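Remarks on the overall topology
Chain by chain, the residues run as shown.
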Amino acid sequence: MLRCSFCGRRAVYHRRYAGVFLCDRCLIKSVERRFRRAINENKLILPGERVAVAVSGGKDSVACMHLLHDYCRGKRCELVAITIDEGIKGYRDESLPIARENAEMLGVEHHVVSFREAFGATLDEMVKVAAQRSTGLNPCTYCGVLRRSLLNQAARELGADRLATGHNLDDETQAIMLNYIRADLSRLYRLGPGYSPRQGFVPRIKPLREIPEKEVALFALLKGIKVHLAVCPYASGIHMEVRDFLNSLESNHPNSKFMILRMFDEIKPHLEAAVPGFEARGCESCGEPTSSTLCKSCELLQGLGLMRRRKNLIFVEPS
Amino acid sequence: MVEITVKVVGQRTRRLKVDPGTTIAELLRRVGQNRETVVVRLNGRIVAEEERLKEGDLIEVIPVVTGG
């Protein structure tokens, strides 16, 4: 039997990049410590703030909500959860009840915002129209842009000071590599533990950014947290290739992901001069903040013959 | 050789013969799974992939990397 390098109990994990074995208790404690350290060192959340967390029902976002729930209790912060229902049959309809169940269990206020209500169509329907119209855009483009826009609007309407997402070390290193491959300096510059763009955008934070995806999964499984572990049916293409490449690299050369992250964090302060700033204004169609006359969401929706339907996403019952 | 049972979630259960003392990490390579993307239960307990296998072991492989 392999033993924990710290307490001698039965090991559940070999953290190869650090050369240590961890038992269930030490792994959970380590994840909690890294989570708090990421928040404190980067000042991601200030005492008394209202924090919105994006929760899909997957392990990362659900773990993030549980960790934030504990953190917020000690810092007099308020936590509110938002789930975007993109309308992906056989996937989101399975994860959404898990998000709701976890929020209820923790007593976290939970709001669901759907593509159908906001845009008049589900992602499944958009994907069909995109294929008929040969837009050449893949489902992840529509989903990513539209989901981020709804999350921002919902968080803003809920009066949130921060919008937390469950992005882990794997997500962040994949994004770094993808932006290198696409030579997209602006998007590369936006990566990091926190991003505070212009007026109208709720500052986004990623408190799991320094925790490998496998450790987030172990944290959820060992804590007995109910999570959805399925893969999105639309996941394909270069994202998957980069993910597989990084996992193969990490498997053969432990610590590679952290080194990619550290190098990016070293480079980032020098990128500012090379990235043009922009003045945020209201989209002429939906009014959401954008750098051009039409926001990216409305541009994509127009290409599908759709438009943003609802002006307000959040309706709170009068008490 | 010792006989073990391998259950990869989402795939059919397999019985395999391996050399005594084979590690779970070696087994994962044999069944085409990257250790960075899975959590392994050995006889119902989550374990580190350096654990060694013995006759009659049941290995459950849970793919946990879902991002993209």
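As named in an unreviewed UniProt entry, chain B is Thiamine biosynthesis protein ThiS, taken from Hadarchaeum yellowstonense.

In terms of regular secondary structure, chain B is built from one helix and five strands. In sequence order, the secondary structure elements of chain B are arranged as β-β-α-β-β-β. Over its C-alpha atoms chain B spans a radius of gyration of 11 Å, differing by no more than 12% from the 11 Å that the globule rule assigns to 68 residues. Put simply, chain B has 68 residues, and 56% of those count as buried. For chain B, contacts bridging at least 24 residues in sequence account for 43% of all contacts bridging at least 6.

Taken together, the side chains of A:Arg25, A:Lys29, A:Arg33, A:Arg36 and A:Arg37 make up a positively charged region of the molecular surface. Here A:Arg33 is to be found in helix α1 (residues 24–42).

The next subject is the sheet that holds strand β4 (residues 45–46) of chain B. Residue and element names in this part refer to chain B. Read across the open sheet, the five strands follow the order β2-β1-β5-β3-β4; overall the sheet is mixed. In the strand order of this sheet, the two ends are held by β2 (14–18) and β4, each with one partner. Note that strand β3 (residues 38–42) and strand β5 (residues 58–63) share five bridges and pair antiparallel. Note on β5: the bridge partner recorded for Val-38 is Pro-63.

Turning our attention to empty space enclosed by the protein. Unoccupied space between atoms shows up once a probe the size of one water molecule is rolled over them. Applying the stated rule across the entire model yields one cavity of 30 Å³ or more. In this structure, the largest cavity occupies an estimated 130 Å³ of space. Lining the largest cavity are 16 residues, and of these A:Tyr13, A:Tyr17, A:Pro212, A:Glu250 and B:Glu36 sit closest to its centre. Elements with a minimum of two residues in the lining of the largest cavity: β1 (11–15), α7 (169–181), α9 (213–223) and α11 (256–271) of chain A. Residues belonging to the lining of the largest cavity are distributed by class as follows: six nonpolar, one polar and nine charged.

Residues and elements named next belong to chain A. All of the buried residues in helix α5 (residues 123–132) are Leu-123, Asp-124, Met-126 and Ala-130. Angularly, the buried residues of α5 cover 160 degrees about the axis, an arc narrow enough to put them on a single face. In α5, the exposed residues that point more than 90 degrees away from the buried face are Lys-128 and Gln-132. Of the surrounding secondary structure, the elements contacted by the buried residues of α5 are α4 (115–119), α6 (139–157) and α12 (296–303). Ser-134 lies just past α5 and shows a positive phi near 45 degrees.

Take the interface of chain A and chain B next. Counting residues at the interface gives 28 residues for chain A and 20 residues for chain B. A combined buried area of about 2,100 Å² lies between chain A and chain B, and 57% of that area is made up of carbon and sulfur atoms. Our count for the contact surface shared by chain A and chain B stands at two salt bridges. A salt bridge links B:Glu49 to A:Lys214, with the shortest nitrogen-to-oxygen separation between them at 2.5 Å. At the surface where chain A touches chain B, the tally comes to eight residue pairs in polar contact (both at pLDDT 80 or more). Among the elements of the structure, β1, α7, α9 and α10 (238–252) of chain A are those that each provide at least two residues to the side of chain A that touches chain B. The element best represented in the side of chain A that touches chain B is α10(A), accounting for seven residues. Broken down by class, the residue content of the side of chain A that touches chain B amounts to 14 nonpolar, six polar and eight charged.

Our focus in this paragraph is the packing of aromatic side chains. All names here are of chain A. Per the counting criterion, the structure on display carries two aromatic pairs over all chains. When the ring of Phe-115 is compared with that of Phe-119, the centres are 5.3 Å apart and the planes differ by 75 degrees; the resulting orientation is edge-to-face. Of the two residues, Phe-115 and Phe-119 both sit in helix α4, four residues apart, roughly one turn of that helix. Taken as a pair, Phe-115 and Phe-119 share a single burial class, namely buried. Positioned above the aromatic ring of Tyr-189, the side-chain terminus of Lys-268 is 5.2 Å from the ring centre.

With that out of the way, let us pick up the nonpolar core. Residue and element names in this part refer to chain A. Judged by nonpolar contacts, the single largest core of 62 residues is most densely connected at Phe-35, Ile-45, Val-53, Met-65, Leu-68 and Leu-79. Looking at which element gives the most residues to this core, the answer is helix α2 (residues 59–74), with eight residues. Apart from the residues within four sequence positions on either side, Val-53 is in contact with Cys-64, Met-65, Leu-68, Leu-79, Val-80, Ala-81, Ile-82 and Ala-164.

Cut-off values and rules
- Residues numbered from 1 in each chain as written.
- Chains lettered and ligands numbered in written order.
- Predicted model: local features only at pLDDT ≥ 70, side-chain atom pairs only at ≥ 80, totals over all residues.
- Heavy atoms only, no water.
- Helix = DSSP H or I, 4+ residues; strand = E, 2+ residues; numbered from the N terminus.
- Rg over C-alpha atoms; globule rule 2.2 N^0.38 Å.
- Buried < 20%, exposed > 50% of the residue type's maximum accessible area, 1.4 Å probe, protein only.
- Contact = heavy atoms within 4.5 Å.
- Patch = residues over 30% accessible without salt bridge, like charges linked within 9 Å, V, L, I, M, F, W, Y side chains within 5 Å.
- Areas by Shrake-Rupley, 256 points an atom, 1.4 Å probe, with all protein chains shown as cover.
- Salt bridge = Lys/Arg side-chain N within 4 Å of Asp/Glu carboxyl O.
- Lys, Arg positive; Asp, Glu negative; His and termini not counted.
- Charge placed at Lys NZ, Arg CZ, Asp CG, Glu CD.
- Pairing = 2+ DSSP bridges.
- 1 Å grid on protein atoms, 1.4 Å probe; cavity = no way out; pocket = protein on both sides within 12 Å on 5 of 7 lines; lining within 4 Å.
- Points joined across faces, edges and corners; volume = space filled by probe spheres on them.
- Nonpolar A, V, L, I, M, F, W, Y, C, P; charged D, E, K, R; others polar.
- Arc of directions from axis to C-beta.
- Buried area = accessible area lost by both parts, 1.4 Å probe.
- Polar contact = N/O pair within 3.5 Å; in protein donor to acceptor, adjacent residues only side chain to side chain.
- Phe/Tyr/Trp six-rings, centres within 6.5 Å; stacked < 30°, edge-to-face > 60°.
- Lys NZ or Arg CZ within 6 Å of the ring centre and 35° of its normal.
- Core = buried A, V, L, I, M, F, W, Y, C linked by side-chain atoms within 4.5 Å.

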